[in-house]
Amino acid sequence: MVPDAGREALQAELSRKPGVLVISHGSPDEHWVALVEAAVSEAAGDLPAGLPLACAFLETVEGRLIQNGIDRLESQGVTDMIVIPLFVSSGSTHIDEIAYALGVKDTPEKETDLERFRVSARVFFGDPIDEGPLVAKMVWDKVKRLSLQPEREVLLLVGHGSGHPGFLQRWERGIASLAAQCGELAGLAGGADYALLNPDNIRSKVQYWSEQRGMDVIIAPLFLSAGYFTKVTIPSRLEGLPHRYSGDALLPHPLAARWMSQQILNIMGSLTC
């Protein structure tokens, strides 16, 4: 016979209900937001039927902010909230402040204006995109049509980067690993390298590969969705330099949904262990 305390613990565990909150940055560009929402909706198709899921944004998208998403899930009885930070790098300061505001960490590494959210559910904080086979394929799929002579080309990933100690190192670790994976996948003579907007080393990297190594440089922007950085900032940094650039960000791509659903299912599996 199960002791009363054990029976109560078992009943509490059986009454737990998982749900998913996908968080991305947000943008005033409705198309940017729509691409994120479409990827999240597609990911839902690979998840158990009826699993509560909400797509929320750090800023700008009124009525769809993080607290709105939390409230929506908890109103559906969610007790175990799986949070997927849909950002391209662990080096984003937003990852740190969101984790703090959700109560995942006691103090933020960098000062933030983000206040603690009202959340009753247990929070299981996932990982940002960073790197991996699915991500490498997404990056290469977006630019492979620009490859004309693989024997004299190099792929240069361009990311946002960071001016904050610790965060910059995370940016560099993730994008360096992803560049290595992309280089192996693409099979270009020069492989793949990376550059960051902050600190700005894009011009020096393009000049090195084109002038010193004699390579044609293909630029792959490591951004979630097309916006100001892909349309204005990166082209301005490349002005006057030999390069090939389409401006295509990661979304839309079907593997984005698979990346999300795989992580969600992995975390759900750990909840039942």
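As shown above, the structure is provided for reference.
This part is about the overall build of the protein chain. Check the secondary structure of the protein chain and you find nine helices and eight strands. Expressed as lengths along the three principal axes of its C-alpha atoms, the size of the protein chain is roughly 75 × 35 × 30 Å. Residues classed as buried in the protein chain amount to 49% of the 273 residues present. Accessible area for the protein chain stands at about 13000 Å²; split by element, carbon and sulfur atoms hold 51% of it.

Our next topic: the packing of aromatic side chains. Under the criterion given, the structure shown has three aromatic pairs. Between the aromatic rings of Y228 and F229, the centroid separation amounts to 6.5 Å while the plane-to-plane angle is 80 degrees, which identifies the pairing as edge-to-face. Residue classification places F229 among the partly exposed positions, given a relative accessible area of 34%. Three or more aromatic residues link up through ring pairs in this structure, and these residues are F223, Y228 and F229. Here the guanidinium or amino end of R170 rests over the ring plane of F167, the centre of that ring lying 5.0 Å away. For K205, the ring lying beneath its charged end belongs to Y194, and the centroid distance is 4.7 Å.

Right, let's talk about the sheet that holds strand β8 (residues 244–245) for a bit. Reading across the sheet, the four strands line up as β6-β5-β7-β8 and stay open at both edges, with parallel pairing between neighbours. At either end of the open sheet lies a strand with only one pairing partner, and these are β6 (192–198) and β8. Here six bridges tie strand β5 (residues 153–161) to strand β7 (residues 216–221), and the two strands are oriented parallel to one another. Across the sheet, L155 pairs through a bridge with I218, a residue of β7.

Below, the discussion takes up the environment of I264. Residue placement: I264 occurs in helix α9 (residues 254–271). The spacing of I264 and L21 is 243 residues in sequence and 9.9 Å in space, taken between C-alpha atoms. Once you skip the residues sitting within four places of it in the chain, I264 turns out to touch V20, L47, L51, I82 and I84.

Let's shift gears to the sheet that holds strand β4 (residues 122–125). Overall, parallel pairing links the four strands, which are arranged β2-β1-β3-β4 in an open sheet. Both edges of this open sheet fall to β2 (53–57) and β4, since each of them pairs with a single strand only. Sheet twist, expressed as the average angle between the axes of neighbouring strands with direction ignored, equals 25 degrees. In the packing of helix α2 (residues 30–44) onto the sheet, contacts are made with β1 (18–24) and β2, and the angle to β2 comes to roughly 160 degrees.

Before going further, it helps to spend a moment on α9. Spanning 18 residues, α9 covers 26 Å between terminal C-alpha atoms, matching the ideal 26 Å at 1.5 Å per step. Among the residues of α9, those classed as buried are L255, A256, A257, W259, M260, S261, Q263, I264, I267, M268 and L271.

In the contact formed by helix α5 (residues 133–143) and helix α6 (residues 167–186), the axes pass within 9 Å of each other and the chain directions differ by 65 degrees. Pair α5 / α6 crosses with right-handed handedness. For the pair α5 and α6, the contacting residues are P133, V135, A136, K137, V139 and W140 in the first and L178, Q181, C182, L185 and A186 in the second.

Quick look at α2 now. An α-helical turn contains 3.6 residues, so a residue and the one three or four places further along point in the same direction. Taking 1.5 Å of rise per residue, the 15 residues of α2 would be expected to cover 21 Å, and the 21 Å separating its terminal C-alpha atoms lies within 8% of that figure. Along α2, the residues that are buried comprise W32, V33, L35, V36, A39, V40 and A43. Summarising the axial view, the buried residues of α2 lie within an arc of 160 degrees, below the 170-degree limit, and thus occupy one face. For α2, the exposed residues lying more than 90 degrees away from the buried face are E30, H31 and S41.

Okay, the nonpolar core next. Judged by nonpolar contacts, the single largest core of 55 residues is most densely connected at V36, I84, L155, L157 and M260. Excluding its chain neighbours within four sequence positions, the residues that come into contact with M260 are V22, A39, V40, A43, I84 and L86.

Rules of the game
- Residues numbered from 1 in each chain as written.
- Predicted model: local features only at pLDDT ≥ 70, side-chain atom pairs only at ≥ 80, totals over all residues.
- Heavy atoms only, no water.
- Helix = DSSP H or I, 4+ residues; strand = E, 2+ residues; numbered from the N terminus.
- Buried < 20%, exposed > 50% of the residue type's maximum accessible area, 1.4 Å probe, protein only.
- Areas by Shrake-Rupley, 256 points an atom, 1.4 Å probe, with all protein chains shown as cover.
- Phe/Tyr/Trp six-rings, centres within 6.5 Å; stacked < 30°, edge-to-face > 60°.
- Lys NZ or Arg CZ within 6 Å of the ring centre and 35° of its normal.
- Pairing = 2+ DSSP bridges.
- Contact = heavy atoms within 4.5 Å.
- Axes fitted to C-alpha atoms, helices over the stretch in contact; angles between N-to-C directions.
- Expected span 1.5 Å × (residues − 1).
- Left-handed = near helix turned anticlockwise from the far one by under 90°.
- Arc of directions from axis to C-beta.
- Core = buried A, V, L, I, M, F, W, Y, C linked by side-chain atoms within 4.5 Å.

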